[in-house]
Amino acid sequence: MEPTGHSLVTFISLYQKTRRPLTCCRTGSCLLLVATGSWPLRDKEQTRATVLKSVVVVSRKPCFGFIKAKLFLVTEVYFAQKDFTETQLLEEFYDNMNDSLRASQGFKPYYYSVGLSLQPLVELFKSKLLMIFKLLLLEQRVLFHGFPPGAMCDLLMSVISIFPGLSDAICTTNYSSDEFGLPLSLTCQGSFFDPYLSLQQLDLVKKCQACGFIVGASNDLLRRQTDWVDAVVDVTTGEVLFYKDSLSSILALTTADLRFVDYLTHHVSDQMLEETQWEGSDDWIRAQFKLYLLSMLSCSLSLDEETWTDFSEDYIFQLRSKQHYLQWKETPNAAIADIEPRHPFHGQFTTADLRRQLSEL
């Protein structure tokens with residue numbers, strides 16, 4: 001009997017009892033179900049017909065896509081040896097990963113976004129992607145749910161990568177801010193973040209009420225218990241379900257928001273047909289969301305509340321009360337003064353806007 005295969009790749013945050021991050025992530029695992037009769041396992045105490053083996057990486061740097069790509073290749077070769085006592089390959093992998101992720105050895109910032117594609121997000125969620133973006137800024141209790149676990153983790157980490165600089169600041173307060181005061185501290189300061197939540201961790205998550213949490217799960221029992229979440233993002237169907245009544249109205253997309261979404265989806269669709277162009281690429285998508293975020297933050301500082309309208313006055317009011325926002329205001333962000341306090345798609349209402357609104361009904 002040959003191995004039945006592996007499932008890639010779940011990412012798990014490790015926490016101390018104080019809920020301070022012990023490490024940024026554990027990427028585990030490439031799993032393999034092995035029939036003991038056909039493999040030379042040489043373990044006389046092994047009595048089961050099959051065993052489950054995995055290769056796990058523990059890292060302080062949350063370079064999920066980068067680690068996943070290397071872990072997949074190494075696991076393929078390691079399992080092909082059919083001898084788990086031969087660990088030289090793993091030792092070489094360990095040395096290579098350390099060399100790659102050390103700043104002194106040529107670590108590259110783009111490692112944080114390697115393998116985290118945004119085009120599938122736009123195709124799956126469409127206008128709801130902007131709704132999810134705005135939702136995560138409100139420090140709510142959010143569950144991303146889907147199967148298989150590896151795909152769910154990939155999608156959640158791709159969503160996180162939309163927020164400028166957030167991928168390299170996950171679960172840590174030790175990061176540098178840019179001239180705009182970014183990244184926003186969405187996954188620290190008392191909040192809880194875990195790309196793959198087990199049922200046994202539920203009690204720990206329920207304690208994180210003040211600043212909310214962002215977690216992923218594939219267990220249906222976690223999805224059915226809705227008393228501990230404010231919103232569920234179904235990564236299989238693309239649905240966003242609210243279990244806190246006020247969220248539905250606060251997160252309703254404005255006319256300018258719908259223009260932004262239409263612009264985004266149009267260029268992504270074109271880019272998928274013509275892959276060489278910049279517009280519609282993953283980096284282009286991140287650039288659009290960064291401009292949206294900076295414009296919204298600039299508007300939030302304005303005393304003219306009319307500038308809030310295109311983002312929703314109710315939404316800006318809620319945003320200004322959140323912990324990460326208050327911390328951002330205390331962070332040096334002088335360059336935000338250079339950003340015009342106006343929605344990127346501000347403009348007069350047209351018949352095209354009416355069609356967009358009707359399509360959302």
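Predicted model only: the values in this text are computed from it and were never measured. Residue indices follow the written sequence of each chain, beginning from 1 at its first position. Totals for whole chains, interfaces and linings use all residues, but because this is a predicted model, local features are given only for residues with pLDDT of at least 70 and pairs of side-chain atoms are given and counted only at 80 or more. To obtain the side-chain values, all non-hydrogen atoms of the structure were included, while hydrogens and water were left out.

Caption draft 1: Representation of the sheet that holds strand β5 (residues 192-194) in the model. Paired strands are those between which DSSP finds at least two bridges. In DSSP terms, a helix is any run of H or I states spanning at least four residues, a strand is any run of E spanning at least two, and both are numbered starting from the N terminus. The five strands are arranged β5-β6-β4-β7-β8 in an open sheet whose pairing can be described as mixed. Each having just a single partner strand, β5 and β8 (240-242) make up the two edges of the open sheet. Averaged over neighbouring strand pairs, the angle between their axes works out to 20° when direction is ignored. Any two residues whose heavy atoms approach within 4.5 Å are treated as being in contact. To define axes, lines are fitted to C-alpha atoms, for helices over the stretch in contact only, and angles between the resulting N-to-C directions are given on a 0 to 180 degree scale. The sheet strands contacting helix α4 (residues 127-136) are β4 (141-145), β6 (213-217), β7 (231-234) and β8, and the helix crosses β4 at an angle near 140°. Most of the contacts of helix α5 (residues 149-160) go to β6, to which it runs at about 155°, and overall it touches β4, β5 and β6.

Caption draft 2: Quick peek at the packing of helix α1 (residues 64-80) against helix α2 (residues 88-101). Between α1 and α2, the least distance of the axes is 11 Å, while the angle of their chain directions is 165°. With respect to α2, the axis of α1 lies roughly antiparallel. Viewed along their axes, α1 and α2 form a crossing whose handedness is right-handed. Across the interface between the two elements, Phe 66, Ile 67, Lys 70, Leu 71, Val 74, Val 77 and Tyr 78 of α1 pack against Leu 89, Leu 90, Phe 93, Asn 96, Met 97, Ser 100 and Leu 101 of α2. Three residue categories are used. Nonpolar comprises Ala, Val, Leu, Ile, Met, Phe, Trp, Tyr, Cys and Pro, charged comprises Asp, Glu, Lys and Arg, and polar comprises the others, including Gly. Its residues assigned to classes, the contact of α1 with α2 shows 11 nonpolar, two polar and one charged. By the definition adopted for this analysis, an angle is roughly parallel if under 35 degrees, roughly antiparallel if over 145, roughly perpendicular if from 65 to 115, and oblique otherwise. In this scheme, a crossing is called left-handed if the near helix is turned counterclockwise away from the far one by less than a right angle; it is called right-handed if the turn is clockwise.

Caption draft 3: A look at the packing of aromatic side chains. Any two rings among Phe, Tyr and Trp, with Trp reduced to its six-membered ring, count as a pair given centres within 6.5 Å; such a pair is stacked if its planes are under 30 degrees apart, edge-to-face if over 60, and tilted if neither. Tallied over the full model, the rule gives 12 aromatic pairs. On the basis of an interplanar angle of 20° and a centroid distance of 5.6 Å, the ring pair of Phe 213 and Trp 228 is categorised as stacked. With a gap of 15 residues between them, Phe 213 in strand β6 and Trp 228 in the loop between α7 (220-224) and β7 connect regions that are remote in the sequence. Between Tyr 292 and Phe 311 the ring centres are 5.2 Å apart and the planes differ by 80°, which places this aromatic pair in the edge-to-face class. Placement of the pair is Tyr 292 in helix α10 (residues 282-300) and Phe 311 in the loop between α10 and α11 (313-319), with a sequence separation of 19 residues. Burial status follows relative accessibility: with a 1.4 Å probe on protein chains alone, a residue under 20% of its type maximum counts as buried, one over 50% as exposed, and anything between as partly exposed. Residue Tyr 292 is classed as buried on the basis of its relative accessible area, which comes to 0%. What makes Phe 311 buried here is its relative accessible area of 0%. Through a chain of ring-to-ring contacts, three or more aromatic side chains come together here, namely Phe 133, Phe 163, Phe 260, Tyr 263, Trp 284, Phe 289, Tyr 292, Phe 311 and Phe 345. A cation sits over an aromatic face here: Lys 134 above Tyr 315, 4.6 Å from the ring centre. In this scheme, the term charge over a ring applies when either NZ of a lysine or CZ of an arginine sits within 6 Å of the ring centre and within 35 degrees of the ring normal.

Caption draft 4: Representation of the pattern of salt bridges in the model. Throughout this description, the term salt bridge denotes a Lys or Arg side-chain nitrogen within 4 Å of a carboxyl oxygen of Asp or Glu. Inspection of every chain in the model, using the stated rule, returns seven salt bridges. One salt bridge in this structure joins Arg 141 and Asp 230, with 2.9 Å as the shortest N-O distance. Placement of the pair is Arg 141 in strand β4 and Asp 230 in the loop between α7 and β7, with a sequence separation of 89 residues. For Arg 141, a relative accessible area of 15% corresponds to the buried category. A relative accessible area of 7% places Asp 230 in the buried class. For Arg 342, the salt bridge identified is with Glu 340, shortest N-O distance 3.7 Å. Owing to a relative accessible area of 40%, Arg 342 belongs among the partly exposed residues under this scheme. Assessed through its relative accessible area of 48%, Glu 340 is described here as partly exposed.

Caption draft 5: Just a negative patch on the surface, in detail. Judged by side-chain charge, Asp 304, Glu 305, Glu 306, Glu 313 and Asp 314 come together as a negatively charged surface patch. Mapped onto the elements, Glu 305 comes out in the loop between α10 and α11. For Glu 305, a relative accessible area of 44% puts it in the partly exposed group. Patch membership needs two things, relative accessible area over 30% and no salt bridge, and members are linked within 9 Å if like-charged or within 5 Å if nonpolar (Val, Leu, Ile, Met, Phe, Trp, Tyr). Only the protein chains shown count as cover for residues, and all accessible areas are computed by the Shrake-Rupley method using a 1.4 Å probe. The sign given to each residue is positive for Lys and Arg and negative for Asp and Glu; His and the chain ends receive no count. The location of each charge is read from NZ of Lys, CZ of Arg, CG of Asp or CD of Glu.

Caption draft 6: Quick look at α4. Of all the 10 residues making up α4, nine are buried; the element is thus mostly covered by neighbouring parts of the structure. Restricting attention to buried positions, one finds in α4 the residues Ser 127, Leu 129, Leu 130, Met 131, Ile 132, Phe 133, Lys 134, Leu 135 and Leu 136.

Caption draft 7: Up close: the pairing of β6. Among the five residues of β6, five are classified as buried, and the element is accordingly described as predominantly covered. Burial along β6 is two-sided: Phe 213, Val 215 and Ala 217 facing one way and Ile 214 and Gly 216 facing the other are all buried. Relative to β6, β4 is paired through five bridges, and the arrangement is parallel. Bridged to Leu 143 within β6 is Val 215.

Caption draft 8: Spatial organisation of the nonpolar core. Put simply, a nonpolar core is a bunch of buried Ala, Val, Leu, Ile, Met, Phe, Trp, Tyr and Cys residues held in one set by side-chain atoms that sit within 4.5 Å of each other. In this structure, Phe 133, Leu 137, Phe 144, Phe 289, Met 296 and Tyr 315 are the most contacted members of the largest nonpolar core, which totals 66 residues. With nine residues, α10 is the largest single contributor of residues to this core. If sequence neighbours within four positions are ignored, Leu 137 has contacts with Phe 163, Leu 184, Leu 186, Leu 293, Met 296, Tyr 315, Leu 319, Lys 322 and His 324. Membership of the second largest hydrophobic core comes to 15 residues, among which are Ile 67, Tyr 78, Phe 93 and Leu 101.

Caption draft 9: Structural view of unusual backbone geometry. Cis rather than trans, the peptide bond between Phe 147 and Pro 148 has omega equal to 0°. Looking along the chain, the bond that leaves Leu 182 and enters Pro 183 is cis, with omega of 10°. Tracing the backbone through its elements, the reader meets Pro 183 in the loop between α5 and β5. A positive phi angle, close to 55°, is found at Lys 126, a residue other than glycine. Tracing the chain through its elements places Lys 126 in the loop between α3 (119-125) and α4.

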